[in-house]
Amino acid sequence: MASASTSPRTLRKAVLPVAGFGTRVLPATKAIPKELLPVFDRPAIQYVVDEALAAGIEHIVFVTGRNKGAIEDYFDRSYELEVTLQAKNKAEQLAEIGLSVPVAGSMSFVRQQAALGLGHAVWCARDIIGDEPFAVMLPDMLMMAKPSCLAQMVDAYNKVGGNIIAVEPTDTPERYGVITPESRDGRLIKMKGMVEKPKREEAPSNLFISGRYILQPEIFALLESQRPGAGNEIQLTDSMARLMNVQKFHALEYEGTTYDCGDKVGYMRASAAYALASEHGDDVAAVMRDLLANRGK
Ligand code: UTP
């Protein structure tokens, strides 16, 4: 495997764009941010923050919008609740609510005033990221993997540098952004392009871009001048395609499974998978078997 001539700059920061409306999961998202809907026993966003921390990320930038204030509250202390749990000697629950409280100063929140697209959301984080590489993690994509998906990407990044995106094989490339591979070394694929939602018979590969990116800060200047693309939104993919002309881009076929929580069935699938993988897995499997056996009765 080719190694970078100088060692790549350390990855310390991650951007989590959470300013979208979550229209595919209405009415649940009318008053609750999509990212706080529970996937089994915790908000979806907790899995993504845990994944970031497990990969050595030190600072998380949330790009939020109106009606997303509850996300900020979730990552703060809750004194009233703590005092109540203490008074009732509920040590286990006390420990559980403490898990979501980050190191002071390790999270920033910036507003995207209008949902102009994922590319625009990432651009809103430019001043907090500054001139260093950073990760983008889409919080409606959950990656069940060990080591975590981002940790696998950091490992690859430390070897080859540049820009890295996580990919996974799919039977439905027409639903996603798909990469055009140039050459392959194990799970690491040198890229020469990407296409958004190709026709199935024209897809350049079956590897879809699954929602984790390591990007160099030069992307911000490109995002600034990026014209709206598909869906009349400022697309991250369009600026990445331009960055690919001047910088290295690799895709990593990471080891693990992506759960797309963007729509209702996807949410249910993720919730079921995480429940089955939890310490309650056997009980959950029994409940599911029972539900299926009695379906429609
Ligand atoms: P999605 O399009 O999947 O999320 O964007 P959405 O807009 O919330 O969902 P629907 O389509 O209305 O159901 C992927 C991610 O990018 C964020 C979203 O919050 C989501 O996490 N995003 C998207 C922004 O932060 N700002 C935008 O302008 C667009």
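Along every chain, residues carry numbers that run from 1 in the direction the sequence is written. Thresholds applied to this predicted model are a pLDDT of at least 70 for local features of residues and 80 or more for the giving and counting of side-chain atom pairs; totals over whole chains, interfaces and linings are not thresholded and use all residues. The side-chain numbers reported here are obtained from all heavy atoms of the structure, hydrogens and water having been left aside.

(A) Spotlight on the packing of helix α10 (residues 264–277) against helix α11 (residues 281–293). For helices, the fitted axis covers only the stretch in contact; all axes are lines through C-alpha atoms, and the angles between them, taken along N-to-C directions, range from 0 to 180 degrees. For helices the rule is a DSSP run of H or I covering at least 4 residues; for strands it is a run of E covering at least 2, with both sets numbered from the N terminus onward. As a packed pair, α10 and α11 sit with axes 6 Å apart at the nearest point and diverge in direction by 135°. Looking at the two axes, α10 sits oblique to α11. Judged by residue contacts, Ala272, Ala275 and Leu276 of α10 engage Gly281, Val284, Ala285 and Met288 from α11. Throughout this description, any angle smaller than 35 degrees is read as roughly parallel, any larger than 145 degrees as roughly antiparallel, any in the 65 to 115 degree range as roughly perpendicular, and the remainder as oblique. Contacts: residue pairs with any heavy atoms within 4.5 Å of one another.

(B) Representation of the site of the ligand in the model. Residues in contact with the ligand amount to 18 residues; listed here are only the nearest, Gly20, Thr23, Arg24, Gln112 and Gly117. Each polar contact in these results corresponds to two N or O atoms within 3.5 Å; when the atoms are within protein, one needs to be able to donate a hydrogen and the other to accept it, and residues that are neighboring in sequence are counted only if both atoms are side-chain atoms. Residue glycine 22 places a main-chain N or O atom 2.9 Å away from an oxygen atom belonging to the ligand. Glycine 117 is positioned with one of its backbone polar atoms (N or O) 2.7 Å from an oxygen atom of the ligand. All accessible-area figures derive from a Shrake-Rupley calculation using a 1.4 Å probe, and residue coverage is judged against the displayed protein chains alone. In isolation the ligand has 570 Å² of accessible area, and contact with the protein removes 84% of it. In this structure, the ligand is accommodated by the largest pocket. Residues belonging to the shell around the ligand are distributed by class as follows: 9 nonpolar, 5 polar and 4 charged. Any residue with a non-hydrogen atom lying within 4 Å of a molecule or strand is treated as near it. Cavity and pocket criteria rest on a 1 Å grid covering protein atoms alone: a 1.4 Å probe that fits but cannot get out defines a cavity, protein on both sides within 12 Å along at least 5 of 7 lines defines an open pocket, and an atom within 4 Å of a point defines a lining residue. Molecules are considered to sit inside a cavity or pocket once more than half of their atoms lie within 2 Å of its grid points. Residue type decides the class: Asp, Glu, Lys and Arg count as charged, Ala, Val, Leu, Ile, Met, Phe, Trp, Tyr, Cys and Pro as nonpolar, and the leftover types, Gly among them, as polar.

(C) Geometry of the UniProt feature "domain: Nucleotidyl transferase" (unreviewed entry) in the protein chain. UniProt positions are given in the numbering used here, feature names are shortened, and annotations may be inferred rather than shown by experiment. Under the UniProt annotation, "domain: Nucleotidyl transferase" (unreviewed entry) lies at residues 14–274. Across residues 14–274 one finds 31% helix and 27% strand; the C-alpha atoms that close the span lie 23 Å apart.

(D) Structural view of unusual backbone geometry. Leucine 26 connects to proline 27 through a cis peptide bond whose omega is 10°. Residues lysine 146 and proline 147 are joined by a peptide bond in cis, for which omega reads -5°. Phi is positive for asparagine 89, which is not a glycine, with a value near 55°. Only protein chains enter the area calculation, which uses a 1.4 Å probe; residues under 20% of their type maximum are buried, those over 50% are exposed, and those in between are partly exposed. Among the residues examined, asparagine 89 registers a relative accessible area of 70% and is labelled exposed. The phi torsion at lysine 197 lies on the positive side, around 45°, for a residue other than glycine. Within the element layout of this structure, lysine 197 appears in the loop between β10 (188–196) and β11 (207–215).

(E) Representation of the side chain of threonine 237 within the structure. Here threonine 237 shows up in helix α9 (residues 236–243). Non-local contacts of threonine 237, meaning those with residues more than four positions away in its chain, are made with Met194 and Glu196.

(F) Just the pairing of strand β9 (residues 177–185), in detail. Examined bridge by bridge, β9 and β10 share 8 bridges and lie antiparallel to one another. Bridge pairing in β10 links aspartate 185 to leucine 188. Between any two strands, pairing holds if DSSP finds at least two bridges.

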